[in-house]
Amino acid sequence: ADAGKSKQDIIAYRKKHLGKTLSLSYQQPLKIVRGQGAYLYDEQGNGYLDMVNNVCHVGHCHPKVVAAGQAQMAHLNTNTRFLHDNIVNYAEKLLATMPEELSVCMLVNSGSEANELAFRLAKNYTQGSELLVVDGAYHGNTNACIEASPYKFDGPGGLGAQDYVHTVELPDPYRGKYQGNTVENAKRYADSVAETLANIAKQGKKPSAFICESLQGVAGQIIMPDGYLSQVYRHVRAAGGVCIADEVQVGFGRVGSHMWAFETQNVVPDIVTLGKPIGNGHPMAAVITTQAIADAFVNGMEYFNTFGGNPVSCAIGASVLDVIKEEDLQQHALTTGNYFIEQLRQVQNEFDLIGDVRGLGLFIGVELVEDRATKQPATEKTGQLVEFFKEQQILLSTEGRFYNILKIKPPLAFNQADADKFIQVLRQGLAALS
Ligand code: PMP
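Residues numbered from 1 in each chain as written. Predicted model: local features only at pLDDT ≥ 70, side-chain atom pairs only at ≥ 80, totals over all residues.

Asker: How should I be thinking about the overall build of the protein chain in this particular structure?
Answerer: A tally of helices and strands in the protein chain yields 13 helices and 16 strands. For 434 residues, the compact-globule formula gives about 22 Å, and the C-alpha radius of gyration of the protein chain, at 22 Å, lands near that figure. Dimensions of the protein chain, computed from C-alpha atoms along their principal axes, come out at roughly 60 × 60 × 45 Å. Buried residues in the protein chain amount to 50% of all 434 residues. Put simply, of all contacts in the protein chain between residues at least 6 apart along the chain, 74% involve residues at least 24 apart. (Helix = DSSP H or I, 4+ residues; strand = E, 2+ residues; numbered from the N terminus. Rg over C-alpha atoms; globule rule 2.2 N^0.38 Å. Buried ≥ 20, exposed ≤ 12 C-beta atoms within 10 Å, placed from the backbone. Contact = placed C-beta atoms within 7 Å.)

Put into structure tokens, the structure is as follows:
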């Protein structure tokens, strides 16, 4: 088969013509030409187990999703200024998975765009100006999203927090200010948000929103202590703000026990933003909210979105929801995730380098430390381990402030045999590093 352009040529072209900040994985980047299930294939036909691509949620190039897109693309694609069944059918299907209060669905094209719209909705509804964000979080690449992302504004090239943005403590039970997954710590972290809200009030200002991933992704695959979100939501609402749950990474059954990760914290957000897995790789996203918040957006200004909610995207989105149901992928995420986490804990017992294993369903983090007592991050070794995994044809990435966390969020086509394969290579890699 024709292998196409050489890797060197592609790298050179990217550097010169696609913008130097466009990021690549690995010291020697891979050229990937095909995907199927939980596997990616390079130009020479080598298969790689994809452990990190939560976008291709129901499996790379799932035939049913591909067929839905192909059929609709051959029939009609246009904007939402005409009546069409697909957008209504899709919204009905998606809203049926949400709590009853969340009954308005606005379709957009990326997670960043969903969060942008969420911020606008929140401001219109609350008339507040201040935004509360969780330390380490990432919410997207647009101006407002960068301003809402401590991972970016406090990171390299960042400008620090804008005056209207208030960063609250990351509720990290392993490495955070309060350690241990306890009810007391949930309250301590929530109380610190209440303090921030009190400071905002003291300045004579009002919050618009608190935005938080239902499980922290970029901040380090963190499962917040039980009861954190419900207490924070109460504080934020009492201060006149709304609560946004960013489910861009963690939604659509990945956590196994529930369709939406916010359900694991027993809350109903005011606004939910969805992206990545929603179209199995097709660029689409959504904002789900209440009638009251959606109504407050009606202020005379027209809202129009050229691509959002088009018939092709809606056909694809609907097929993703169908496949999740038909293949029982939520239950699969639970069973496979529980099995996998148990195996990972066994490896943790064998190697001191693993400081923490945490996860829900197929959203898992493995944190590596040089010393379990001091929790000194094993940053370099984590990077080496990821390169070792690549040599063994398994793809994953590092995460967290110290890049010492193995980020695991495979397509839900990932199965127990894949987990076993990963565990075997993990043991080899850790043995080589120890
Ligand atoms: N929110 C979260 C939690 C994300 O992880 C991302 C993407 N990494 C976004 C929002 C932005 O989504 P997109 O890249 O589709 O704009």
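What follows continues from the structure just given.
Asker: Any chance you could explain the domain arrangement of the protein chain here in plain terms?
Answerer: If you check the domain split of the protein chain, you get domain 1 (7–58 + 328–433) and domain 2 (64–326). Across the contact, 28 residues belong to domain 1 and 27 residues belong to domain 2. Those elements that provide at least two residues to the side of domain 1 that touches domain 2 are α11 (329–350), β11 (354–360), β12 (363–371) and β16 (405–408). Per-element accounting of the side of domain 1 that touches domain 2 gives the leading share, five residues, to α11. (Domains from an automatic or database assignment.)

Asker: Would you explain the site of the ligand in this entry?
Answerer: Among the 15 residues in the neighbourhood of the ligand, the closest are listed as Ser110, Gly111, Ser112, Gly140 and Val248. When residues of the shell around the ligand are assigned to their parent elements, the largest contribution, three residues, is made by helix α4 (residues 111–126). Looking at side-chain class alone, the shell around the ligand contains three nonpolar, 10 polar and two charged residues. (Near = placed C-beta within 6 Å. Nonpolar A, V, L, I, M, F, W, Y, C, P; charged D, E, K, R; others polar.)

Asker: I keep staring at the sheet that holds strand β3 (residues 47–50) and nothing clicks. Help me out?
Answerer: In any sheet, the strands associate via hydrogen bonds between backbone groups, in a parallel or an antiparallel arrangement. Pairing in this open sheet of four strands is mixed, and the strands run β1-β2-β3-β14 from one edge to the other. For this open sheet the edge positions go to β1 (32–36) and β14 (394–395), each flanked by a neighbour on one side alone. Here three bridges tie strand β2 (residues 39–42) to β3, and the two strands are oriented antiparallel to one another. For Tyr39, the partnering residue across the bridge sits in β3 and is Leu49. (Pairing = 2+ DSSP bridges.)

Asker: I keep staring at the sheet that holds strand β9 (residues 271–274) and nothing clicks. Help me out?
Answerer: On the basis of which strands lie adjacent, the open sheet formed by seven strands has the order β4-β10-β9-β8-β7-β5-β6 and mixed pairing. Bordering the open sheet on either side are β4 (104–108) and β6 (165–168), each of which pairs with just one other strand. Neighbour-to-neighbour, the strand axes of this sheet turn through a mean angle of 20°, independent of strand direction. Where strand β7 (residues 207–213) lies against strand β8 (residues 242–246), five bridges are found, and the strand directions are parallel. If you follow Ala209 over to β8, its bridge partner there is Val242. Packing against the sheet, helix α8 (residues 228–238) makes contact with β5 (130–134), β7 and β8, and its axis sits at approximately 165° to β7. (Axes fitted to C-alpha atoms, helices over the stretch in contact; angles between N-to-C directions.)

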